[in-house]
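Examination of the molecular architecture
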Amino acid sequence: MLTIVKHPLIDVKLSIMRDENTKSKEFRENLDEIGSLMTFEVFKDVETFDSDVKIKTPTGAVLPKKKLSQKIILAPILRAGIGMVDGVRNMIPTARIGHIGMFRDEETLEPHEYYFKLPVVDNPLVVIVDPMLATGGSAIAAINAVKKRGYKNIRLMCLVGVPEGVKAVEEAHPDVHIYLAALDDHLNDVGYILPGLGDAGDRIFGTK
Ligand code: PRP
Ligand code: URA
């Protein structure tokens, strides 16, 4: 289950992010905006209901206020996933936020979990966010961690992925729908996405 969210605005913003001359502030702004645009697709099948609260329009009509039927949890994979939260939360202000601490050993590319905290709510839709889907190891470990705590309805929202990462996640978790803004070519020999955009965490937080 893979959806590439295709839109000309996403293509333009992503090419700004790929440019090595783009500074951290502009990189983050474009990530926010792509996150907001992708939200339209990732949540398009979430149902709504008419709540008991009434609204009155300027023309005097009284209508029930619409609400989302499902509680939403956004779960960024630390650190870089943090950079995708605001864009989605701007569209869904009621979303609760969890955190999954995961880093890739730069030698072995193996993921290591160092932190986990998700809100406890009834039957939520958990959307794990991380800009980069490379080997898929971090995403698979994050999904394992979320499932281990009993959450069932899980989606994965990334910016850029590669076929090997998508395949790995699909094989490990066929029930998890993956959303990408772009499917790139392949990984280089040190596990970076080509053409990619470099190290997302470093570019978001200015650590290099
Ligand atoms: C990056 C990225 C993903 C992971 C993807 O995080 O944000 O979490 O690598 O690689 P994978 O698919 O091969 O696991 P990194 O571990 O560099 O940590 P950071 O977010 O702290 O920079
Ligand atoms: N993590 C990143 O930040 N970038 C890549 O290209 C691969 C993994």
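Residues numbered from 1 in each chain as written. Chains lettered and ligands numbered in written order. Predicted model: local features only at pLDDT ≥ 70, side-chain atom pairs only at ≥ 80, totals over all residues. Heavy atoms only, no water.

1. A word on the overall build of the protein chain
- Of the regular secondary structure elements, the protein chain holds 6 helices and 13 strands.
- For the protein chain, the C-alpha radius of gyration of 18 Å lies close to 17 Å, the compact-globule estimate for 208 residues.
- Reported as C-alpha extents along the three principal axes, the dimensions of the protein chain are approximately 65 × 40 × 30 Å.
- When burial is assessed residue by residue, the protein chain has 46% of its 208 residues classed as buried.
- Relative to all contacts within the protein chain whose residues are 6 or more apart in sequence, the contacts with residues 24 or more apart total 62%.
- With an accessible surface of roughly 11000 Å², the protein chain has 54% of that area assigned to carbon and sulfur atoms. (Helix = DSSP H or I, 4+ residues; strand = E, 2+ residues; numbered from the N terminus. Rg over C-alpha atoms; globule rule 2.2 N^0.38 Å. Buried < 20%, exposed > 50% of the residue type's maximum accessible area, 1.4 Å probe, protein only. Contact = heavy atoms within 4.5 Å. Areas by Shrake-Rupley, 256 points an atom, 1.4 Å probe, with all protein chains shown as cover.)

2. A word on the packing of helix α4 (residues 137–148) against helix α5 (residues 163–172)
- Two elements in contact, α4 and α5, have axes whose closest approach is 9 Å; the angle formed by their N-to-C orientations is 25 degrees. The angle between the axes of α4 and α5 places the two elements in the roughly parallel class. Of the two possible hands of crossing, α4 and α5 adopt the one that is right-handed. Between α4 and α5, the residues in contact are Ala139, Ile140 and Ile143 and Ala168, Val169 and Ala172, respectively.
- Counted by class, the contact of α4 with α5 contains 6 nonpolar, no polar and no charged residues. (Axes fitted to C-alpha atoms, helices over the stretch in contact; angles between N-to-C directions. Parallel < 35°, antiparallel > 145°, perpendicular 65-115°, else oblique. Left-handed = near helix turned anticlockwise from the far one by under 90°. Nonpolar A, V, L, I, M, F, W, Y, C, P; charged D, E, K, R; others polar.)

3. What about the pairing of strand β2 (residues 48–56)?
- Where β2 lies against strand β3 (residues 62–68), 6 bridges are found, and the strand directions are antiparallel. Paired with Ile55 across the two strands is Leu63, which belongs to β3.
- Count of turn residues in the β2/β3 antiparallel hairpin: 5 residues, of which Gly60 carries a positive phi of about 90 degrees. (Pairing = 2+ DSSP bridges.)

4. As for the site of ligand 2
- In the vicinity of ligand 2, the contacting residues are Arg104, Met132, Ala134, Gly191, Tyr192, Ile193, Gly198, Asp199 and Ala200.
- Take Gly198: an N or O atom from its main chain is 2.8 Å from a nitrogen atom of ligand 2.
- At a threshold of 2 Å from the grid points, most atoms of ligand 2 map onto the largest pocket.
- Across the shell around ligand 2, the residue classes tally to 5 nonpolar, 2 polar and 2 charged. (Near = heavy atom within 4 Å. Polar contact = N/O pair within 3.5 Å; in protein donor to acceptor, adjacent residues only side chain to side chain. 1 Å grid on protein atoms, 1.4 Å probe; cavity = no way out; pocket = protein on both sides within 12 Å on 5 of 7 lines; lining within 4 Å. Sits in = over half its atoms within 2 Å of the grid points.)

5. A word on the site of ligand 1
- Within the structure, ligand 1 sits among 15 residues, and Arg104, Asp130, Thr135, Gly136 and Ser138 are positioned closest to it.
- Between ligand 1 and the protein, one listed contact pairs an oxygen atom with a side-chain N or O atom of Arg79 at 2.9 Å.
- Here Ala80 contributes a backbone N or O atom positioned 2.9 Å from an oxygen atom of ligand 1.
- Expressed as a share of its isolated accessible area of 500 Å², the protein-covered part of ligand 1 is 90%.
- Taking a 2 Å distance to the grid points as the criterion, the majority of the atoms of ligand 1 fall inside the largest pocket.
- For the shell around ligand 1, the secondary structure elements donating two or more residues are β6 (99–104), β8 (125–133) and α4.
- Sort the elements by how many residues they give to the shell around ligand 1 and β8 lands first, with 3 residues.
- Considering only residue class, the shell around ligand 1 consists of 6 nonpolar, 5 polar and 4 charged.

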